[in-house]
Amino acid sequence: PTQGGEKAIPRWSSHFANKLFTVPKKPIFSRQDNIFTIGSCFAERIRSFLTADGFKVGPPTDLIPMDADRYSIDRLPRYPHLDYYNSFTIRQEFERHIGEWRQDPDDYWIIKDPVWEGDVAYQDPYRRALFGRTPDDLREAVKQTDAAIDAGIRDADVFFMTMGMA
């Protein structure tokens, strides 16, 4: 459309081009805050960026004692993040944390071993990539993972939750 024979420029474009359109910097959290990230690989990217910039970001997966001969937890310790792809799995962690849901010690899947090249392994049915060589190894991995997530939730001032593409 034209105005008085001139081509009309959308107002936001002229404001942006003339630097009249600005966004004030108003931080919503600081380096003193504890931040908890959970979700997809995008949550991992947020965590990596904030950690590199000096923020305290959890859950503290670095506190999980890794024993590669007994259990495998997602991509730990290489990536300090557990992947959650939908709102149900994220909600389940919070329900477990507040005591609304509890996993039975014998609640696991027996599967073909994807980690140690043995005959069978044991998988947590509630976390996509948590495996143990034996039921006791899996229970230990679940216990350690629960403790890290609980510490992260308990200490958090700020939460970032992202959803995956699934």
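The structure we're discussing is the one just above.
Criteria and thresholds
- Every chain's residues receive numbers from 1 upward, in the order its sequence appears when written.
- In keeping with the model being predicted, local features are shown solely for residues with a pLDDT of at least 70 and side-chain atom pairs are shown and tallied solely at 80 or more, while totals for entire chains, interfaces and linings include all residues.
- Calculation of side-chain values draws on the structure's entire complement of heavy atoms; hydrogens and water are dropped beforehand.
- Pairing between two strands requires that DSSP report at least two bridges joining them.
- Counting from the N terminus, the helices are the DSSP runs of H or I reaching at least four residues and the strands are the DSSP runs of E reaching at least two.
- As a rule, the C-alpha atoms of each element are fitted with a line to give its axis, helices using only the stretch in contact, and angles between N-to-C directions run from 0 to 180 degrees.
- A contact between two residues is defined here by any heavy atoms of the two lying within 4.5 Å.
- Working definition: with a 1.4 Å probe on protein chains only, accessible area under 20% of the residue-type maximum means buried, over 50% means exposed, and in between means partly exposed.
- In protein, a polar contact means a hydrogen-donor-capable atom and an acceptor-capable atom, both N or O and within 3.5 Å, with residues adjacent in sequence counting only if both atoms are side-chain atoms; elsewhere, any N or O pair within 3.5 Å suffices.

**Student:** Can you help me understand the sheet that holds strand 3 (residues 34-38) in this one?
**Tutor:** The strands making up a sheet are joined through hydrogen bonds of the backbone, oriented either antiparallel or parallel. The parallel open sheet is built from three strands, whose spatial order is 4-3-9. Two strands in the sheet have a free side with no partner beyond their single neighbour: strand 4 (56-58) and strand 9 (158-161). Direction aside, neighbouring strands of the sheet carry axes that sit 25° apart on average. Along the sheet face, helix 2 (residues 41-52) touches strand 3, strand 4 and strand 9 and points at about 155° away from the line of strand 3.

**Student:** Please clarify how the side chain of arginine 96 should be interpreted in this entry.
**Tutor:** Note that arginine 96 resides in helix 3 (residues 87-97). For arginine 96, a relative accessible area of 11% puts it in the buried group. If sequence neighbours within four positions are ignored, arginine 96 has contacts with Trp101, Arg127, Asp146, Ile149 and Asp150.

**Student:** Just to check I follow, could you spell out the sheet that holds strand 8 (residues 130-132) for this structure?
**Tutor:** Taken in spatial order, the four strands line up as 5-8-7-6 in an open sheet, and their pairing is antiparallel. Where the open sheet ends on each side, the last strands, each with one partner, are strand 5 (71-73) and strand 6 (109-112). Within the sheet, the average angular offset between the axes of one strand and its neighbour, ignoring direction, is 30°. In this structure, strand 7 (residues 120-123) lies alongside strand 8, joined through two bridges in antiparallel fashion. What sits directly across from glutamine 123, in strand 8, is phenylalanine 131.

**Student:** Quick question: what am I supposed to make of the environment of aspartate 107 here?
**Tutor:** Examined against the element boundaries, aspartate 107 turns out to sit in the loop between helix 3 and strand 6. Classification of aspartate 107 by relative accessible area gives partly exposed; the value is 24%. Taking the C-alpha atoms as reference points, aspartate 107 and tyrosine 126, 19 residues apart in sequence, are found 9.4 Å from one another. Those residues in contact with aspartate 107 that lie beyond four places of it in its chain are Pro125 and Tyr126. Only 2.3 Å separates the side chain of aspartate 107 from the side chain of tyrosine 126, close enough to count as a polar contact.

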